[in-house]
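Chain by chain, the residues:
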Amino acid sequence: MSATLAPSPIEAPAPTLAPRERETLRHIAAGRTYLQTARHMGLSTHTVDAYLRRIRAKLDITNTAQLTRTAIAMGL
């Protein structure tokens, strides 16, 4: 009698964040505001907001608490 194995579900690869997206996420997860993050990175707050929108879209995240949890899980 041979046991049949159910096919394993195919997992989608985790989305890759660009280096500046990772840096932005690290600053926000550390509790910095958009303005503080922008000043530290030499960007406008609009650019920081754009990075965070892309991060949220890539990681399917809807709020800052989830962003922080994800950053911690990623070791940022």
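In the block above lies the structure referred to throughout.
Quantities reported herein were computed from a predicted structural model and do not represent experimental measurements. (Residues numbered from 1 in each chain as written. Predicted model: local features only at pLDDT ≥ 70, side-chain atom pairs only at ≥ 80, totals over all residues. Heavy atoms only, no water.)

**Things to note about unusual backbone geometry**
Stage number 1. With a phi close to 55°, D60 is a non-glycine residue in the positive phi region.
Stage number 2. Among the residues examined, D60 registers a relative accessible area of 68% and is labelled exposed. (Buried < 20%, exposed > 50% of the residue type's maximum accessible area, 1.4 Å probe, protein only.)

**Things to note about the packing of helix α1 (residues 19–29) against helix α4 (residues 64–73)**
Stage number 1. For the pair α1 and α4, the least separation of the axes is 9 Å and the interaxial angle reads 110°. Relative to α4, α1 is oriented roughly perpendicular. Where α1 crosses over α4, the handedness of that crossing is left-handed. Residues L25, I28 and A29 of α1 touch α4, and the partners they reach there are T64, L67, T68 and A71.
Stage number 2. Grouping the amino acids of the contact of α1 with α4 by side-chain chemistry returns five nonpolar, two polar and no charged. (Axes fitted to C-alpha atoms, helices over the stretch in contact; angles between N-to-C directions. Helix = DSSP H or I, 4+ residues; strand = E, 2+ residues; numbered from the N terminus. Parallel < 35°, antiparallel > 145°, perpendicular 65-115°, else oblique. Left-handed = near helix turned anticlockwise from the far one by under 90°. Contact = heavy atoms within 4.5 Å. Nonpolar A, V, L, I, M, F, W, Y, C, P; charged D, E, K, R; others polar.)

**Here's the deal with the side chain of E21**
Stage number 1. Take E21: it is sitting in helix α1.
Stage number 2. Here R54 takes part through its side chain, which lies 3.4 Å from a polar atom of the side chain of E21. (Polar contact = N/O pair within 3.5 Å; in protein donor to acceptor, adjacent residues only side chain to side chain.)

**As for the pattern of salt bridges**
Stage number 1. By the definition in use, this model includes four salt bridges.
Stage number 2. Salt-bridge contacts for E21 lead to R54; the nearest nitrogen and oxygen are separated by 3.4 Å. Here R54 lies in helix α3 (residues 45–59) and E21 lies in helix α1, a separation of 33 residues in the sequence.
Stage number 3. Looking at R54, the relative accessible area reads 42%, which means it is partly exposed.
Stage number 4. A salt bridge links R53 to D49; its shortest N-O distance comes to 3.1 Å. (Salt bridge = Lys/Arg side-chain N within 4 Å of Asp/Glu carboxyl O.)

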